Every structure is written in C-alpha cells, then in structure tokens.
Amino acid sequence: MKTTSLLIKFNQPCICPACQNLGKVNSTSQNDLRSNKLIGTETRHFLRALSCLLTDRCFSMTSVNSSSSRTIVCRLTTQSLQVEDVDSELNRVSLVTSLMVFASAFFAVIANGLVVVAVWKTTSLRFPSVILLCCLAVTDFLTGLVNQPSFVVFNIARIQGNYNLYCNASSVWSLVNAFLSNLSFLVITCASVDRYLALHLHLRYLEVVSTRRVYLLITICCVFCCVVLLLQLLGKEGAAFAVEATAQGTSLLINIVSYRETFRIIGQHERKIKSEEKISCRIHGKTLKHFKRSKKLSHTMVYVGALFLLCYAPYSAVLIAMAVPLSNSNMISKQLRVASNVTAMLILLNASANPVFYCYRLAEIRKAVFKLLRRLDSKFCSHLSINHC
C-alpha cells in the first residue's frame, strides 16, 4: 500500500500565505528570483523564518508517492520528525519529562526571580562576582519562563499529532535554548577569569575589575549570542555552528586554565597562612576574611560550571550521535529520540537547581533572599489585615 511522504526542506519554496505575499515564490520562475534585487537571499531566509512563527503553517509539504516513512522537517530549525517513530515508548517518556519540566518551571521562575531581586535590592552584593551569578540567575529565569513551557508544548503537540504547533514550539525551544546556553557558558567563563583575577590581583582587584566593566562584558556576550542567533535565522547554519563551536571550545580552555591557576594561588595562600599562624589576627584579619570569601566563591563557581557541563554534555553527545549516518536506522533513531528527550530535560532542570545551590553555598545571597521573603510576607500580611478591616 502506497503512503504519502511529507518531506520538507528548508531551501524549498514556502507555500504559506506570508511567503507568497513576499515575492510570489511559488508562481515565479528562477530568472525572476535572480532579477529581484529588492530582497536578497539572506533577507528571504529571515523573512521566511519570521513568517513561519507568525502563520499557522510552519512546514511546507510536497506529496510524493513512495513506500518510505512520513518525515516532517520544520522550516525554521530544520528539525526532522519521522511520524512512524512517534510510538508509545516515546510518548510515555515525553509525557513524564513534560510533567517534570512543567513542575520545575514554576520553581525556576520564582527561585531565580527571588535571587535576582534580592541581589538588586542589596547594594552590598553588587560586586563583580555576584553580578555574574545574578546574570546566570537571569538566564535560568528566562529558561523557566520561555524554554521550559515551549518544551512541554512541543512534546504534547507531538503526542497529539499537531505538527503546526510542534514546529512552532520546537523552533522556540531550539533558538531560545541555543541563545541561553551560549550566554550561560560565556558568563561562567567570565566568572572563572574573575576568580583568577580576584586572587591574582588581590588588593588591586576592585580597581581593575569594576562593576561597569562587568556590565559591559555581559553586554558583549549578549551581542555575540544575538549574532549567532541571527546567523541561524538567516539560514547560515554552517557559519553559526562554526562560530558557536569555536567560542565554546575557547571558553572551555579558558575555564580549565583559569581554575587551575586559581587553585594554585589558593594553595600558595593556604601554605602561607599556616606558616604565619603566630602573627596577630588583628593585622591580617581583613586579608584573611577576603581570602576565605574568594576561596568559597571560587569553589562555588567551579561547582556551578561542573553542574552546567554535567547537564549539557549528555544532550550534546546525543546530538552528535544523531548526526552519525548509523543513527538513520529505525531502531537506533527511536532510542536516540528518547535519549534526546531525557537529556533535554536535564538541561532544563539545571535552571531549578542553580538558585538552591547559590543559597546553600553563599551566606550573603541566602540572607538577602530570606530578608526579601520576610519583607514580602509582612507586606502581604498587612495587605490582608487592611482588606479584612
């Protein structure tokens, strides 16, 4: 029995109304497209990606009579989905992961929001290291607000067979996840360099690493992530992958070198402190307190970076395995799709684990969050008492 194959490619003409109104792509010839100087290739890619999110049809269809399985490829992210692979096992796994992510989304938004507001309200916490941690909390907040709901939506849409909604939600998930993961990794790299400079420069640290320069560095990281995202929207996936891979490899190398030098300096300071135990604590009390805080912050950032890599490494390994030609076999493809769903859940759960880790490791952030909660509780109780009267 012949079946209809749904094969969608990114470089095929789009049949959605928005793309037809842009240039009448389906009704014009190739010579007319070459002579059209008003809209370039990159602009058409970008407008096609934009129209994909604004219209109901996020994938184009060409009917081919064959006995092959039905395949759906989203135009915006070029993600493929074999309809016959959506079996009961994948549906069960998707349902369980969606429930866990849905439950953690509320906690990620509330907990990271509390950390960000607490740091913003406490002026004594506005020094470079905590500002970088606050930036990580912002990325985790956006993960809980945008990325986790889109993950749940595209899983449920895939289970129900709503492929328009599946393509829209998976496009949001892929693009936002790429932006936030790149930004998080860059900020973690900046934090590793910050910890090295804090111990290497010592008393000159606040002169060299100012809050203004940290804000400027975070802005540069955001602009870089936006450029990578724009390359993906313009259809230059190869260039985006090359830039992203180079940045991540360089960041990983900087992290390794920075933390190796940081802990080497920590070891030197600890041996020096032990050899000077007879010196009065009043003379070196402030220096010792600064060293202990820097040491704890360094350990905290190492744990945060290790947790980040631990959550992202399995998903990256699954993506690499899916790119291998052997993964095209039916059974391996099903197993990799299940693994992809589970490892993607680990990435999203990382956003809920980070604020708990911040409050557990850093007493300053923990006290600021508790102070904010007490203030909110008193305002809520006073509001209730006024309404009751």
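Here's a quick rundown of the structure. (Residues numbered from 1 in each chain as written. Predicted model: local features only at pLDDT ≥ 70, side-chain atom pairs only at ≥ 80, totals over all residues. Heavy atoms only, no water.)

Details of empty space enclosed by the protein
And step 1. Going through the model one piece at a time under the given rule, you end up with four cavities of 30 Å³ or more.
And step 2. The volume enclosed by the largest cavity comes to roughly 140 Å³.
And step 3. Lining the largest cavity are 19 residues, with Asp140, Ser184, Phe308, Tyr312 and Asn350 sitting closest to its centre.
And step 4. When contributions to the lining of the largest cavity are tallied by element, the ones reaching two or more residues are α5 (128-160), α6 (163-201), α10 (281-323) and α11 (330-361).
And step 5. Looking at the lining of the largest cavity residue by residue, the classes come out as ten nonpolar, eight polar and one charged. (1 Å grid on protein atoms, 1.4 Å probe; cavity = no way out; pocket = protein on both sides within 12 Å on 5 of 7 lines; lining within 4 Å. Points joined across faces, edges and corners; volume = space filled by probe spheres on them. Helix = DSSP H or I, 4+ residues; strand = E, 2+ residues; numbered from the N terminus. Nonpolar A, V, L, I, M, F, W, Y, C, P; charged D, E, K, R; others polar.)

Observations concerning the pattern of salt bridges
And step 1. Per the counting criterion, the structure on display carries three salt bridges.
And step 2. The salt bridge partner of Glu261 is Arg260, with a shortest N-O separation of 3.6 Å.
And step 3. Residue classification places Glu261 among the buried residues on the basis of a relative accessible area of 19%.
And step 4. Overall, Arg260 belongs to the exposed group, its relative accessible area being 56%.
And step 5. Glu261 is paired through a salt bridge with Arg264; the nearest N and O atoms lie 2.7 Å apart. Here the residue Glu261 and the residue Arg264 both occupy positions in helix α9 (residues 237-275), the gap between them amounting to three residues, near one helical turn.
And step 6. Judged by relative accessible area, Arg264 falls into the partly exposed class, the value being 41%.
And step 7. Salt bridges here are not isolated pairs; linked through shared partners, they connect Arg260, Glu261 and Arg264. (Salt bridge = Lys/Arg side-chain N within 4 Å of Asp/Glu carboxyl O. Buried < 20%, exposed > 50% of the residue type's maximum accessible area, 1.4 Å probe, protein only.)

What about the packing of helix α4 (residues 88-121) against α5?
And step 1. The geometry of α4 relative to α5 is characterised by a closest axis approach of 8 Å and an angle of 155° between their N-to-C directions. Judged by the angle between their axes, α4 and α5 are roughly antiparallel. The chirality of how α4 crosses α5 is left-handed.
And step 2. Looking at the contact of α4 with α5 residue by residue, the class counts come to 20 nonpolar, ten polar and two charged. (Axes fitted to C-alpha atoms, helices over the stretch in contact; angles between N-to-C directions. Parallel < 35°, antiparallel > 145°, perpendicular 65-115°, else oblique. Left-handed = near helix turned anticlockwise from the far one by under 90°.)

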